[in-house]
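Reading the structure
Here is how the chains run, residue by residue.
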Amino acid sequence: MSATIGIPREVFPGEKRVATVPDVVEKLIKLGFQVKVETGAGDAANFADDTYRAAGAQVVGSAAELWSGSDIVFKVRPPTSAEVGLLREGGTLIGFVWPAQNPELMQQLAARKATVLAIDSLPRQLSRAQKMDALTSMAGISGYRAVIEAANAFGRFFNGQVTAAGKIPPAKVFIAGAGVAGLAAIGTAANLGAIVRANDTRAEVADQVVSLGGEFVKVDYEEEGSGGGGYAKVMSEGFQQAQREMYATQAREVDIIITTALIPGKPAPKLITADMVKTMKPGSVIVDMAAEQGGNCELTEPGQAVVKHGVTIIGYTDLASRLAKQSSTLYGNNLLRLAEELCKTKDGVIDVNMEDDAIRGLTVIKEGTVTWPPPPPKLPAAAPQAAKPAAPPPAPKGHGHGAGEPMSATGLAVVFGLGALAFWFVGAHAPAAFLSHFTVFILACFVGYMVIWNVTPSLHTPLMSVTNAISSIIAIGALIQIAPPESGTGGRPDEWIRWLAVVGIALTTINMFGGFAVTRRMLAMFRK
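Here the structure is a predicted model, which means the values were calculated and not measured. (Residues numbered from 1 in each chain as written. Predicted model: local features only at pLDDT ≥ 70, side-chain atom pairs only at ≥ 80, totals over all residues. Heavy atoms only, no water.)

What about helix α1 (residues 22-30)?
- All of the buried residues along α1 are P22, V24, V25 and L28. Projected down its long axis, α1 carries its buried residues within an arc of 150°, all on one side. Exposed residues pointing more than 90 degrees away from the buried face of α1 are listed as D23 and K30.
- Elements in contact with the buried residues of α1: β1 (4-7), β2 (34-38), α2 (49-55), β4 (72-74) and α11 (324-342).
- Immediately downstream of α1, the backbone of G32 shows phi near 105°, a positive value. (Buried < 20%, exposed > 50% of the residue type's maximum accessible area, 1.4 Å probe, protein only. Helix = DSSP H or I, 4+ residues; strand = E, 2+ residues; numbered from the N terminus. Arc of directions from axis to C-beta. Contact = heavy atoms within 4.5 Å.)

Encoded structure:
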């Protein structure tokens, strides 16, 4: 019998997201599930009950009815104690749980003999898990929203302008941490016209920062900061001291600071001290994206926007919820991909396969037994590198040429001599008419080569450029065959040659215009 998926209304104060959206409901039903939605669950994200009904879901009137009548419950925030009490014994819960931070919740869920899949425990280093990675989805939205909140509090343009009323300098934005949220913030701030600087303990993200329009600010201290699962690691005291000096310099220079530094299961590191805040320009803004775990700024008040020492410090803990419709849609898609992995038979029955590394990492409780933390996932072993063949000994000078080396003068003379001998042989034994056509053929090959291979390709479209050049030569030849001959040349060409030329012109025209159309579309993909 197919399982029923329940979507309750989120009860966490200020939470506007919902665990699935009407478009995803239709796809869950195609997987064989039945879907129930608590009335009003999507109202804050602008998804009315009628849209869920139209998608095939059943809308129920109370939380108790929904929880008791659902085999599987999709949630955004971790459930409250009251919600755990409503969960059907032996049921399945899927959503954010944060097992390291909520040991009491884990015990309560285990007591209900529940199976719990914590979307925040997904092993993100597995490439096949990316489609289920809700942390990345929510972090990208939060990074974008952080810049919007900063712009709202800043009170000035981000981009520089020269107007009749005066010159407006561009805003300077510093972003601490270039993970998913940091990169989203860098791209958004750069697109708004700000001068963007960023720092991260992982040196490999420097190229990503630059590619998004930012400047990577390096700490004057050599230490690698990459940790497991795509997160940064806790750095040494020497590095942290050098990092604080760099942050102090940036605080004096920039207008906006956005901090994103957070390692799951650990308190947020304090990057911006009260003394740094005092040195910032009046009217500056700090957006602390780690506020829910204590904040990266010493003066952050979680959930609040406060002004201290003339600096607005934003510590909102619901940045993703402030774009509820977008974040609900992405989160719903993440859970859909997880449902597809759990129900590969598309019969509405899930299989929590503990042999699957991705599912094993997600499963923190299996039928009442706590299975968290999971063992490290078995990453595929690197393919052994084939032994490099020994380099061939260099050829002596004057005897041939190696790969990439120009042909020697002797070799070039031999090639030209053989070519001239072959040409003389053809001329001595072939009819005069053949020799004339053969000469034109050789010249056409040479001219065609020079024309085609000197065409400059646009971006990644060399094939289009070459085929257009070839088509133009074909079109010229066909036009010559169609054109009436000069007087005294023996009359018009045969009819079948004329019609072949017409067909050739038609096909080359289609190819040329199609090539230019495809090239324009590819170029348009790279334009804003």
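Following the structure, the description resumes.
Quick look at the sheet that holds strand β6 (residues 115-118)
- The strand order β3-β2-β1-β4-β5-β6-β16-β17 describes an open sheet built from eight strands, whose pairing is mixed. Edge positions in the open sheet fall to β3 (58-60) and β17 (369-370), since each of these has one partner strand only.
- One ladder, built from two bridges, connects strand β16 (residues 363-366) with β17; its direction is antiparallel. Following the sheet pairing, I365 is matched in β17 by V370.
- Relative to strand β5 (residues 92-95), α11 is tilted by about 135°, and along the sheet it contacts β4, β5 and β6. (Pairing = 2+ DSSP bridges. Axes fitted to C-alpha atoms, helices over the stretch in contact; angles between N-to-C directions.)

So, the sheet that holds strand β9 (residues 172-176)
- What the seven strands build is an open sheet, ordered β11-β10-β9-β12-β13-β15-β14; its pairing is mixed. Either end of the sheet is taken by a strand with one partner, and the two such strands are β11 (215-216) and β14 (305-308).
- Of the strands in this sheet, β12 (256-259), β13 (285-288) and β15 (311-314) are in contact with helix α6 (residues 134-154), which crosses β13 at around 155°.

What about the packing of aromatic side chains?
- Taken as a whole and assessed by the stated rule, the structure comprises five aromatic pairs.
- An angle of 15° between the planes, with centres 5.5 Å apart, marks the rings of F96 and Y331 as stacked. Note that F96 is positioned in the loop between β5 and α5 (103-111) and Y331 in helix α11, a separation of 235 residues in sequence. For the pair F96 and Y331, a shared accessibility class is recorded, and that class is buried.
- Here the aromatic rings of F154 and F158 are separated by 6.3 Å at their centres, their planes lie at 80°, and the arrangement is edge-to-face.
- Members of the aromatic cluster, connected to one another through ring pairs, are F96, W98 and Y331. (Phe/Tyr/Trp six-rings, centres within 6.5 Å; stacked < 30°, edge-to-face > 60°.)

Topic: the packing of α6 against α11
- For the pair α6 and α11, interaxial distance at closest approach is 9 Å and the crossing angle is 165°. In this view, α6 runs roughly antiparallel relative to α11, as classed from their interaxial angle. Helix-helix and strand crossings are classified by hand; for α6 and α11 the assignment is right-handed. Touching A134, S137, M138 and I141 of α6 are Q326, S327, L330, Y331 and N334, all from α11.
- The residue inventory of the contact of α6 with α11, partitioned by class, reads five nonpolar, four polar and no charged. (Parallel < 35°, antiparallel > 145°, perpendicular 65-115°, else oblique. Left-handed = near helix turned anticlockwise from the far one by under 90°. Nonpolar A, V, L, I, M, F, W, Y, C, P; charged D, E, K, R; others polar.)

Brief notes about unusual backbone geometry
- For the bond running from W372 to P373, omega is 0°, close enough to zero to count as cis.
- Note on placement: P373 falls in the loop between β17 and α13 (409-429).
- The phi dihedral of K346 is positive, around 55°, even though this residue is not glycine.
- Along the chain, K346 turns up in the loop between α11 and α12 (357-362).
- Look at E367: it is not a glycine, yet its phi comes out positive at around 50°.
- Note on placement: E367 falls in the loop between β16 and β17.

Quick look at the pattern of salt bridges
- Counted according to the given criterion, the structure contains 21 salt bridges.
- We note a salt bridge from E292 to R77, for which the minimum N-O separation is 3.1 Å. Separated by 215 residues along the polypeptide, E292 in the loop between β13 and β14 and R77 in the loop between β4 and α4 (81-86) bring together distant segments of the chain.
- Residue R77 is classed as buried on the basis of its relative accessible area of 12%.
- A salt bridge links R202 to D200, with the nearest nitrogen and oxygen atoms 2.8 Å apart. (Salt bridge = Lys/Arg side-chain N within 4 Å of Asp/Glu carboxyl O.)

Considerations on the side chain of D356
- Secondary-structure assignment places D356 in the loop between α11 and α12.
- According to the relative accessible area criterion, D356 is buried, its value standing at 13%.
- Sequence-distant contacts of D356, defined by excluding residues within four places in its chain, comprise R128 and E341.

Here's the deal with the pairing of β14
- As paired strands, β14 and β15 are joined by four bridges and run antiparallel to one another. In the sheet register, K308 faces β15, and the bridge partner there is V311.
- Turn length for the β14-β15 hairpin, with the two strands adjacent in sequence and antiparallel, is two residues, and the turn residue H309 shows positive phi of about 60°.

Notes on the environment of L335
- Within the fold, L335 resides in helix α11.
- Separated by 203 residues in sequence, L335 and M132 have C-alpha atoms that sit 6.5 Å apart.

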